[in-house]
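One letter stands for each residue in the lines below.
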Amino acid sequence: MEKQKNEWFEWVKAILIAVALAGGIRYFIFAPIIVEGESMMPTLHNQDRMIVNKIAYKIGEPERFDIIVFHAEEGKDYIKRVIGLPGDRIEYKNDTLYVNGKPYKEPYLDEEKKQLFDGPLTESFTLEELWGEKTVPKGHLFVLGDNRRYSKDSRHIGFIPMEKVVGKTSVVYWPLSDARIVE
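Residues numbered from 1 in each chain as written. Predicted model: local features only at pLDDT ≥ 70, side-chain atom pairs only at ≥ 80, totals over all residues. Heavy atoms only, no water.

Right, let's talk about the side chain of Thr169 for a bit. Following the sequence through the fold, Thr169 ends up in strand β11 (residues 165–174). On the basis of relative accessibility, which here comes to 2%, the residue Thr169 falls in the buried class. A polar atom in the side chain of Thr169 sits 2.8 Å from the backbone oxygen of Ile51. In contact with Thr169, other than residues within four places in its own chain, are Met50, Ile51, Val52, Ile67, Val69 and Ile79. (Helix = DSSP H or I, 4+ residues; strand = E, 2+ residues; numbered from the N terminus. Buried < 20%, exposed > 50% of the residue type's maximum accessible area, 1.4 Å probe, protein only. Polar contact = N/O pair within 3.5 Å; in protein donor to acceptor, adjacent residues only side chain to side chain. Contact = heavy atoms within 4.5 Å.)

Right, let's get into the sheet that holds strand β5 (residues 90–93). Sheet architecture is open: four strands sit in the order β7-β6-β5-β8, paired in antiparallel fashion. Pairing within the sheet leaves two strands with one partner each, and these edge strands are β7 (102–104) and β8 (125–126). Taken together, the three bridges between strand β6 (residues 96–99) and β7 define a ladder with antiparallel strand orientation. Within β7, the residue paired with Leu97 across the bridge is Tyr104. (Pairing = 2+ DSSP bridges.)

The next subject is the side chain of Asp88. Within the element layout of this structure, Asp88 appears in the loop between β4 (77–84) and β5. Non-local contacts of Asp88, meaning those with residues more than four positions away in its chain, are made with Arg64, Ile83, Val99, Asn100, Leu127, Lys134, Thr135 and Val136.

Let us look at the nonpolar core. Ile83, Ile90, Leu97, Leu127, Val136 and Phe142 are the most contacted members of the largest nonpolar core, which has 14 residues in total. Elements supplying a minimum of two residues to this core: β5, β6 and β9 (140–144). Ile33, Val35, Met40 and Met50 belong to the second largest nonpolar core, which has twelve residues in total. (Core = buried A, V, L, I, M, F, W, Y, C linked by side-chain atoms within 4.5 Å.)

What follows covers a nonpolar patch on the surface. Together, Ile51, Val171, Tyr173, Trp174, Leu176 and Ile181 make up a nonpolar patch on the protein surface, roughly 580 Å² of accessible area in all. With three residues, the single largest contributor to the nonpolar patch is β11. Structurally, the position occupied by Val171 is in strand β11. (Patch = residues over 30% accessible without salt bridge, like charges linked within 9 Å, V, L, I, M, F, W, Y side chains within 5 Å. Areas by Shrake-Rupley, 256 points an atom, 1.4 Å probe, with all protein chains shown as cover. Salt bridge = Lys/Arg side-chain N within 4 Å of Asp/Glu carboxyl O.)

Let us now look at the pairing of strand β3 (residues 67–71). The buried fraction of β3 is high, at four of five residues. Bridging between β3 and β4 involves five bridges; their strand directions are antiparallel. Note that in β4 the partner of His71 across the bridge is Asp77. Linking β3 to β4, which pair antiparallel, is a turn of five residues; within it Gly75 sits at a positive phi near 80°.

The general pattern is negative phi for most residues beyond glycine and trans for most peptide bonds. Omega for the bond connecting Met41 with Pro42 falls within 30 degrees of zero, at 0°, which places this linkage in the cis form. Along the chain, Pro42 turns up in the loop between β1 (30–34) and β2 (49–53). Of note, the bond from Trp174 into Pro175 is cis; its omega dihedral lies within 30 degrees of zero at 5°. Although it is not a glycine, Gln47 sits at a positive phi angle of roughly 75°. Assignment of secondary structure puts Gln47 in the loop between β1 and β2. Non-glycine residue Asn100 carries a positive phi angle of around 55°. Looking at the secondary structure, you find Asn100 in the loop between β6 and β7. Judged by relative accessible area, which is 41%, Asn100 ranks as partly exposed.

As a further point, take the packing of aromatic side chains. Any pair of aromatic rings gets described here by the distance separating the centres and the angle formed by the planes. Taken as a whole and judged by the stated rule, the model has six aromatic pairs. Ring centres of Phe70 and Tyr78 lie 5.8 Å apart, and the angle between their planes is 65°; this geometry places the pair in the edge-to-face category. Note on accessibility: Phe70 and Tyr78 belong to one class, buried. Grouped by ring-pair contacts, the aromatic residues Tyr92, Phe125, Phe142 and Phe159 constitute a single cluster. The lysine or arginine in question, Lys102, covers the ring of Tyr104, its NZ or CZ lying 5.1 Å from the ring centre. (Phe/Tyr/Trp six-rings, centres within 6.5 Å; stacked < 30°, edge-to-face > 60°. Lys NZ or Arg CZ within 6 Å of the ring centre and 35° of its normal.)

Below, the structure written as structure tokens:
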């Protein structure tokens, strides 16, 4: 009888440890997220399921063109692409991104741009025209959705404070037929 009790106790202990580990990993390191909407098309699709790396920015700084998840003011999490880092001067002119006066290619938008016949994918703007700032403020990011015509992003909600960033994401795991690493 004593042996049976010990075995039962060991099973309960193992299950509790597994649940604690899984919870800790999900809360502190990795978390699943579902893409809602089409603001990141064609890179990400509505209902794609992704993994968010929560420690990516605890260790290092974000990089231009990373896809991040952040807390938006409506109590929702948004998925967007980092375009501007702190201190950057961002401008779009003739559907071309300029960072600190230098043009940047955005290969993830090439296919969308080829399909357009009624104007640019990204309307021209400067940070000063949008928000009265010449550069992205310290401790903030400027983000855009890849579906530039239909994305609620920094052009509409402003700069994203670094403390609102949940993490970086680049792995789509569902649907299985679309599982991939995105850039």
